[in-house]
Amino acid sequence: MYTSLLSVKQAISVERKLIDYLRTYIDHELERLEDIKRFYAKVSDLHSELYKGPETVIANPLVAFTLVKRLHSEWLNVVYSNEALENAQALRSSYKEEEAGLPTLEDLQGAAKALMRLQDVYTLQVASLVRGRFQRVSNGNPIDIYTPAVSVLLSGDDCFLVGKVAYEQEDYYHSVPWLEESVHLFRRTGGEWNLENEGSLEDALDHLAFSHFKTGNVSYALSLSQELLHHDPVNGRVLQNVKKYEKLLVAASPPTGDGLRRPTSKYLRTRDTYERLCQTQGSQPMHFENPRLFCDYFSNDNPGLLLLPAKREVLSLQPYVVLYHNFITDTEAEDIKRVAQPGLRRSVVAAGEKQATADYRISKSAWMKGSAHSIVGRLDQRISMLTGLNVKHPYGEYLQVVNYGIGGHYEPHFDHATSPTSPVFRLKTGNRVATFMIYLSSVEAGGSTAFIYANFSIPVVEKAAIFWWNLHRNGQGDVDTLHAGCPVLFGDKWVANKWIHEYGQEFQHRCNLNPEE
Ligand SMILES: O=C(O)CCC(=O)C(=O)O
Ligand SMILES: [Fe+2]
C-alpha cells in the first residue's frame, strides 16, 4: 500500500467502512448498557422502596417469589450475558471482511521509513515534523520548507512506532529523535493509556534508554531508565540495566559507542549531491550561466507541429536534456492515470538478469499498450514528432505510467542497461537510447528530477515532458545521465516514461564512433 499514493487513497474508503462498523458496535453496546442500567435501577429501586422492612415485605408470596426468581435466574442472565461478546465478535468479523484492504506490517514499516527518508533528504527537524510542520534548521532558525494548508499532529504513540521501526533495524540515528519526541509527548499526557496505543511512556523510555546506551550516551540512558523505574519499580530487566549503567559510569573509561551517525546506504555513493539537488527542488543552470541554453518554439520541421509548436527549454547540453511545456493536456493526463490504475503494480528494478523490488524505488507502475486507450497512440505520435524517433513497439517500450508512494522516490540510476544480461535487452532492439518522461501531475513539494553528475534538478512541471539521450552516438552509456526522482515531500506524483531503443532509429539518429558525441 505504501508504494503508491493511489493505494493509500483507496484505504480511506476502508477506514470509512470501519467507522460505520464501530458506530454500529457503539450503538449496540449502548443499548446493552442501557439494559443493564434498567435492571440495576429496577432492583435497586425495589430495595429502597419495598425492602425497607424485609420482615413484613417477605410475607407477600409475590415478593418472595420474585426475589427467588431474580436470584435464581435474572442475575445469572445478566452476569453471564453473551451480548458483549456477540457485539465484539460482530465488530471483529466486519473488520475481518475488510482484511484484504488493510495495510500489512510491511506497509507500516514502509510508511515509517518514508518519514525518516524525508527527514534525511530534506534535513527536516523531527520536532517540527511531529507538530505538522515541514521545517529545517538553518543558522539556528527553523525555516519552513513547505506549509501545508492543514497541519496534522503526531501523537506520542505515532512517534514511538517510527522510533521502534528504526530501533528494530539497530538504526539509533533515527530511533533517538523519534523516541525523544515520543517520550516528550507521552510525558505531556501524563502517561495516560489509550486503547488504540501500541506503546506507552514506559516502552518509549525503555527503547530510548537503550538507543542512547548503544550510541555511547550512558548517563542519559541511566537517567531515562531511572525515570522508567519510577513508573515500573519492579521491572527486573531495567533494574539490572540501571546497575550496569551505574557500573559503566564509574569505570575508568566508560564506553563511547559510535555516536549518532546516519546509516550509510550501499546504493547511494552519490548521496550528498543527490540530496542537495533534491533540497533545491529545481536548480537548473541559468541562461546567464550558460548562454548556449535557450528556450524556443520548436516544430522539429514537422508539419504536424508547424501550427502548434512545442515550448521547448534546453536545460542541459551535456547530457542533452530538454523540457517541453504543455506536452499533455489535463484531460489526457487524467485519462492516462485512470486507465493505468487497475494495472499498477510495485515498481521493479533490474537485478542481474531478473527484475526485483527495491527500497530505492518506491512506486507502482503499469505498462500501457496502444490498445488501452486512443490517447496512448496520440502521445506516441507526438513523441515521435518532437524527437524524430521511431517509438513504435518494440523500438519504443510500452508507456510506463508511474505513481509514487509515501515519500516515494527513485534513487540515482541509469535508464539504459549497464550490463549485457539486463532485462532491457529482452526486446532485442538494443539498449535504451533515449528517455521521454511526462509529468502527469503536479507535486506540492519535493519530487524533482535530479541529474547527479550534471548537477541540476528539474522541479515537477505539470503537463510538461523531458527528453534526454542515454547513450552516446557510439552506443556507450552516457554516465552523465545518472538521474533520480527525489522523494515526494508533499503530494501525489505521477509520471509516464517512454523508453526508446537503439534499433529502428537507423535513419533518425545516426551512429558515430566519436565517444564524445
Ligand atoms: O520521477 C522522476 O522524476 C524520475 C523517474 C525516473 O527516472 C524513472 O522512472 O526512470
Ligand atoms: Fe530514470
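Values in this document were obtained by computation on a predicted structure and should not be read as measured data. All residue numbers refer to positions counted from 1 along the written sequence of the respective chain. Chains and ligands are labelled sequentially in the order written, the chains with letters from A and the ligands with numbers from 1. Where totals are concerned, whole chains, interfaces and linings use all residues; where local detail is concerned, this predicted model gives features only for residues with pLDDT of at least 70, and gives and counts side-chain atom pairs only at 80 or more. Working from all heavy atoms in the structure, the side-chain values ignore hydrogens and water.

Here we come to the domain arrangement of the protein. Domain delimitation in this document rests on an assignment produced automatically or drawn from a domain database. Each domain of the protein was delimited in the assignment, giving domain 1 (5-102), domain 2 (106-250) and domain 3 (271-344 + 360-410 + 426-470 + 486-501). Here the C-alpha centroids of domain 2 and domain 3 sit 39 Å apart. For this analysis, residues touch if any pair of their heavy atoms sits within 4.5 Å. Domain 2 puts 14 residues into the contact, and the matching count from domain 3 is 18 residues. Whenever Lys or Arg places a side-chain nitrogen within 4 Å of a carboxyl oxygen from Asp or Glu, that contact is recorded as a salt bridge. Here domain 2 and domain 3 share 0 salt bridges between them. Identification of polar contacts relies on pairs of N or O atoms within 3.5 Å, with a donor-acceptor requirement for protein atoms, meaning one able to donate a hydrogen and the other able to accept it, and with residues adjacent in sequence counted only if both atoms are side-chain atoms. Joining domain 2 to domain 3, the criterion identifies 3 residue pairs in polar contact (both at pLDDT 80 or more). Helix numbering and strand numbering both begin at the N terminus, where a helix is a DSSP run of H or I of at least 4 residues and a strand a DSSP run of E of at least 2. Elements represented by at least two residues in the side of domain 2 that touches domain 3 include exactly α5 (105-121), β1 (134-138) and β2 (141-146). Any residue outside Ala, Val, Leu, Ile, Met, Phe, Trp, Tyr, Cys, Pro, Asp, Glu, Lys and Arg is labelled polar, Gly included; the first ten of those are nonpolar and the last four are charged. Across the side of domain 2 that touches domain 3, the residue classes tally to 10 nonpolar, 1 polar and 3 charged.

Each aromatic ring pair is described using two quantities: the centre-to-centre distance and the angle formed by the ring planes. Working definition: a ring pair exists when centres of Phe, Tyr or Trp rings (six-membered ring for Trp) sit within 6.5 Å. Plane angles under 30 degrees give stacked, over 60 give edge-to-face, the rest tilted. Evaluation of the coordinates by the stated rule reveals 17 aromatic pairs. With a centroid separation of 5.7 Å and an interplanar angle of 80°, the aromatic rings of Phe 134 and Phe 490 are classed as edge-to-face. Separated by 356 residues along the polypeptide, Phe 134 in strand β1 and Phe 490 in strand β18 (residues 488-490) bring together distant segments of the chain. The class of Phe 134 is buried, set by a relative accessible area of 14%. The partly exposed category is assigned to Phe 490, whose relative accessible area is 27%. Measuring from centroid to centroid gives 6.0 Å for Tyr 167 and Tyr 172, while their planes differ by 80°, and the two rings are edge-to-face. Each member of the pair, Tyr 167 as well as Tyr 172, is classed as buried. Only protein chains enter the accessibility calculation, which uses a 1.4 Å probe; a residue whose area is less than 20% of its type maximum is buried, one above 50% is exposed, and one in between is partly exposed.

Another aspect to go through is the site of ligand 1. Only heavy atoms are used to decide nearness, and a residue is near a molecule or strand if one of them lies within 4 Å of it. Contacts to ligand 1 come from 13 residues, most closely from Tyr 404, Thr 449, His 483, Lys 493 and Asn 497. Asp 415 places a side-chain nitrogen or oxygen 3.2 Å from an oxygen atom of ligand 1. In the model, an oxygen atom of ligand 1 is placed 2.8 Å from a nitrogen or oxygen of the Lys 493 side chain. When ligand 1 is considered free in solution it has 290 Å² of accessible area, and contact with the protein chains removes 100% of it. Among the secondary structure elements, those contributing two or more residues to the shell around ligand 1 are β11 (410-413), β17 (483-485) and β19 (494-501). Ranked by residue count, the leading element in the shell around ligand 1 is β19, at 3 residues. Along the lines of polarity and charge, the residues of the shell around ligand 1 split into 5 nonpolar, 5 polar and 3 charged. Methods summary: accessible areas were calculated by the Shrake-Rupley approach with a probe of 1.4 Å, and residue burial reflects only the protein chains presented.

All of the protein donors around the iron ion (ligand 2) are His 413 (NE2), Asp 415 (OD) and His 483 (NE2); their distances to the metal are 2.0 to 2.1 Å. Going along the chain, you hit the donors of the iron ion (ligand 2) in the pattern H-x1-D-x67-H. When sorted by exposure, His 413 lands in the same class as Asp 415, which is buried. Donor atoms: N, O and S within 2.8 Å of the metal, or within 3.2 Å for Na, K and Ca. Because water is excluded, sites can look incomplete.

Helix-helix packing is characterised by the crossing angle of the two axes and by the distance between the axes. Close contact between α5 and helix α8 (residues 172-188) brings their axes to 12 Å; oriented N to C, the two are set at 100°. As the angle between them shows, α5 and α8 are arranged roughly perpendicular. Listed contacts from α8 to Leu 115, Met 116, Gln 119 and Asp 120 of α5 are Tyr 173, His 174, Pro 177 and Trp 178. Classifying every residue of the contact of α5 with α8 gives 5 nonpolar, 2 polar and 1 charged. Note on geometry: axes are lines fitted to C-alpha atoms, helical ones only across the stretch in contact, with angles between N-to-C directions running from 0 to 180 degrees. Here the word oblique covers every angle except those under 35 degrees (roughly parallel), over 145 (roughly antiparallel) and from 65 to 115 (roughly perpendicular).

Count 3.6 residues to each turn of an α-helix, and residues three or four apart come out pointing the same way. Between its first and last C-alpha, helix α10 (residues 218-231) extends 20 Å over 14 residues, near the 20 Å set by a 1.5 Å rise per residue. Listed in full, the buried residues belonging to α10 are Val 218, Ala 221, Leu 222, Leu 224, Ser 225, Leu 228 and Leu 229. Each element contacted by the buried residues of α10 is listed here: α8, α9 (201-214) and α11 (236-250). A helix is expected to span 1.5 Å multiplied by its residue count minus one.

One open sheet accounts for 9 strands, arranged β3-β4-β5-β16-β12-β19-β10-β9-β6; its pairing is antiparallel. Of all strands in the sheet, those bounded by a partner on one side alone are β3 (295-298) and β6 (345-346). Bridging between β6 and strand β9 (residues 363-368) involves 2 bridges; their strand directions are antiparallel. Looking across to β9, one finds that Arg 345 is bridged to Ser 365. Contacts from helix α15 (residues 374-387) reach β3, β4 (310-316), β5 (321-325), β9, β10 (399-404), β12 (432-439), β16 (465-469) and β19, with the element oriented near 120° to β12. A pair of strands is considered paired only if DSSP assigns at least 2 bridges between the two.

Taken in spatial order, the 4 strands of this open sheet run β11-β17-β14-β15, and their pairing is antiparallel. Each having just a single partner strand, β11 and β15 (456-458) make up the two edges of the open sheet. With strand direction ignored, the average angle separating the axes of adjacent strands in the sheet is 15°. As judged from the 3 bridges shared by strand β14 (residues 449-451) and β17, these two strands associate in the antiparallel manner. If you follow Thr 449 over to β17, its bridge partner there is Gly 485.

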